[in-house]
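Here's the letter readout for the chains.
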Amino acid sequence: MNTSAIVMMVIALAIIWGGLIISIVKLPKE
Amino acid sequence: MSNSTRETFSGRKAFIMAAIGSAVGLGNIWRFPYTTYENGGGAFIIPYIVALLTAGIPLLFLDYAIGHRHRGGAPLSYRRFNKHFETFGWWQVMVNVIIGLYYAVVLGWAATYTYFSFTAAWGNDPVQFFINEYLRVGDIKQGVSFEFVGMVIGPLIAVWLVALGVLALGVQKGISKSSNILMPVLVVMFIVLVVSSLFLPGAAKGLNALFTPDWDKLSDPSVWIAAYGQIFFSLSICFGIMITYASYLKKDSDLTGSGLVVGFANSSFELLAGIGVFAALGFMATAQGQEVSEVAKGGIGLAFFAFPTLINEAPFGEIIGVLFFGSLTFAALTSFISVIEVIISAVQDKLRIRRSKVTFLVGLPMMAVSVILFGSTTGLPMLDVMDKFVNYFGIVAVAFVSLMVIVADEKLGVLGQHINETSSFKVGFVWRLCIVVTTGILAFMLFSEGAKVFTEGYEGYPNWFINTFGWGMSIMLVVVAFLLSRLKWKNEVITERKGEQS
């Protein structure tokens, strides 16, 4: 894979999957 | 059934799983990868994330607030909001009626192709097989056909019966339990599929095609509209589903916390789909000595033309086929269930009768119409036109009009206040601004695409066909919605929030 493709894939994964993980962790206890 | 006995999800997890099940559907698997590829590859990720944060998640919060505050299906929620708004709720219900009719057909195809994958039943020419042998597609120019195709009708009836069976069991025992089973299975199957695709020779070529950024595309407004469109259609927002599901939440539920999880989970899944699909297309291009641009497709072309071809050539292709079509089936089933639930909930609210009775009262006639319209040799063009006019124009139009009246009636503040009463993540001016800006973007999407189809036609279909099943159908939905809003409510249950009803 070329570098720019790898960078964009990693950025997309970090923001979107990171957003999911943070939103799950930040859920207050029921 | 009084409001105090309205069914609820057992808890936040049950709601989140059901809402993700609804959002993750065919669009995630076969629309996102090709939309990203066509609109700047890696550069598309920027407008996509902007659209998620400024339109997708704010509109999810809005839908949750409407449903949770008024504790009803779409028509009842809108009626309790303002008695003049009820038509918008029924318009959303009518959009779901049409989507439900054809979504079942695609679900049936996907389930059938899961079975076909074991033996690669499509042979060496999957396109010819799909069009001529499986669907036996006839010429729509000769008129609507009533020559039915057994291979389509059987699975179509089966998926209707499965979905109605789940829905008859109720919110917790049916919708929630089915999501709790299907969603983990879907995620595991899909992860195995993506990992398998990444090990295929040529996978890197596909990922290069998907993620190499074309920065010039960012100055093209149509790319930004495509990003907002992808988020909008993918998240099941503004057409009653999230209003209905949120109405089953307990009163002290955290709306925004759940909304953030659902929004990011939906995007996480479609990003994974993009990686898996393009890794597989990279393999296919390599195997055929072609460029990815020559094999890349979206929608029906990706699932029923490209993937069977790929399965024929890939090592352990049968396993990839079962995983791909199985994922498509499970993703579509949970979405299909949510689409039909919007209708059931609305009718149950209006007529105040038992859920099991409403389920079959609504479901069996819909199943019959679904078979008549889409089980014949002209089912494919019928589906294509209804998808364009109802799934695009219908949803965008009802979203635009309903958002416009909510904004114009200065109701955003009331909804924001309701969200903040129970939620961990507070909303304010920025959230309201996002809703207003998104309303404008929806107007642009509606009128620009509407003008294009009005002047150029659609896919070369004859005018009588477009006018009847496209424009005619779209207008009829509004008329029927208006008439339904004129029907009396049984036992007058519309007043829930003091001071909101005149």
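Reading guide: rules and limits
- Residues numbered from 1 in each chain as written.
- Chains lettered and ligands numbered in written order.
- Predicted model: local features only at pLDDT ≥ 70, side-chain atom pairs only at ≥ 80, totals over all residues.
- Heavy atoms only, no water.
- Helix = DSSP H or I, 4+ residues; strand = E, 2+ residues; numbered from the N terminus.
- Buried < 20%, exposed > 50% of the residue type's maximum accessible area, 1.4 Å probe, protein only.
- Contact = heavy atoms within 4.5 Å.
- Areas by Shrake-Rupley, 256 points an atom, 1.4 Å probe, with all protein chains shown as cover.
- Salt bridge = Lys/Arg side-chain N within 4 Å of Asp/Glu carboxyl O.
- Core = buried A, V, L, I, M, F, W, Y, C linked by side-chain atoms within 4.5 Å.
- Phe/Tyr/Trp six-rings, centres within 6.5 Å; stacked < 30°, edge-to-face > 60°.
- Expected span 1.5 Å × (residues − 1).
- Polar contact = N/O pair within 3.5 Å; in protein donor to acceptor, adjacent residues only side chain to side chain.
- Buried area = accessible area lost by both parts, 1.4 Å probe.

- The name given to chain A in an unreviewed UniProt entry is Methionine/alanine import family NSS transporter small subunit, with Exercitatus varius as the source organism.

### Quick notes on the overall build of chain B
- Summing up its helical and strand segments, chain B has 20 helices and zero strands in all.
- By principal-axis analysis of the C-alpha atoms, chain B measures approximately 70 × 50 × 45 Å.
- Across the 502 residues in chain B, those meeting the buried criterion constitute 64%.
- Within chain B, counting contacts between residues at least 6 apart in sequence, those at least 24 apart form 85% of the total.
- Looking at chain B as shown, the accessible area adds up to about 17800 Å², and 64% of this sits on carbon and sulfur atoms.

### A word on the pattern of salt bridges
All names here are of chain B.
- Enumeration according to the criterion identifies eight salt bridges over all chains in this entry.
- Salt-bridge contacts for R6 lead to D349; the nearest nitrogen and oxygen are separated by 3.1 Å. You can see R6 sitting in the segment before α1 (12–23) and its partner D349 sitting in helix α15 (residues 317–351), a full 343 residues away along the chain.
- When its relative accessible area of 1% is taken as the criterion, D349 is described as buried.
- A salt bridge links R355 to E341, with the shortest nitrogen-to-oxygen separation between them at 2.7 Å. Taken together, the residues R355 in helix α16 (residues 355–374) and E341 in helix α15 connect sequence positions 14 residues apart. The pair formed by R355 and E341 is uniform in burial state, with each residue classed as buried.
- Shared partners join several salt bridges into a network, and the residues in it are E7, E341 and R355.

### Re the environment of V342 of chain B
All names here are of chain B.
- You can see V342 is positioned in helix α15.
- Note: C-alpha distance between V342 and W90 (252 residues apart in sequence) is 9.9 Å.
- When neighbours within four sequence positions are excluded, V342 is seen to be in contact with V93, N96, F239, G240, I241 and T244.

### Let's talk about the nonpolar core
- Counting 201 residues, the largest nonpolar core has W109, F232, F307, F325 and I340 of chain B as the members making the most contacts within it.
- For this core, the element with the most residues is helix α5 (residues 86–117) of chain B, which contributes 20 residues.

### Some remarks on the packing of aromatic side chains
All names here are of chain B.
- Per the stated rule, a full pass over the model turns up 47 aromatic pairs over all chains.
- Pairing Y458 with Y461 gives two aromatic rings, centres 6.1 Å apart and planes at 45°, and the pair type is tilted.
- What makes Y461 buried here is its relative accessible area of 18%.

### Considering α1 of chain B
- For α1 of chain B, spanning twelve residues, the distance from its first C-alpha to its last is 16 Å, which sits close to the expected 16 Å at 1.5 Å a residue.
- Those residues of α1 of chain B not exposed but buried are R12, A14, F15, I16, M17, A18, A19, I20, G21, S22 and A23 of chain B.

### Observations concerning the side chain of T334 of chain B
Residues and elements named next belong to chain B.
- Looking at where T334 falls in the secondary structure, it is placed in helix α15.
- Residue T334 is classed as buried on the basis of its relative accessible area, which comes to 3%.
- Of note is the side chain of T334, whose polar atom sits 2.9 Å from the backbone oxygen of G21.
- Contact partners of T334, with chain neighbours within four places excluded, come to G21, S22, V24, L182 and M183.

### Some points on the interface of chain B and chain A
- With 29 residues of chain B in contact, the opposing surface of chain A contributes 19 residues.
- Between chain B and chain A, the buried area comes to about 2000 Å², and carbon and sulfur atoms account for 78% of it.
- Inspection of the chain B/chain A interface yields zero salt bridges.
- For the interface between chain B and chain A, the tally reads three residue pairs in polar contact (both at pLDDT 80 or more).

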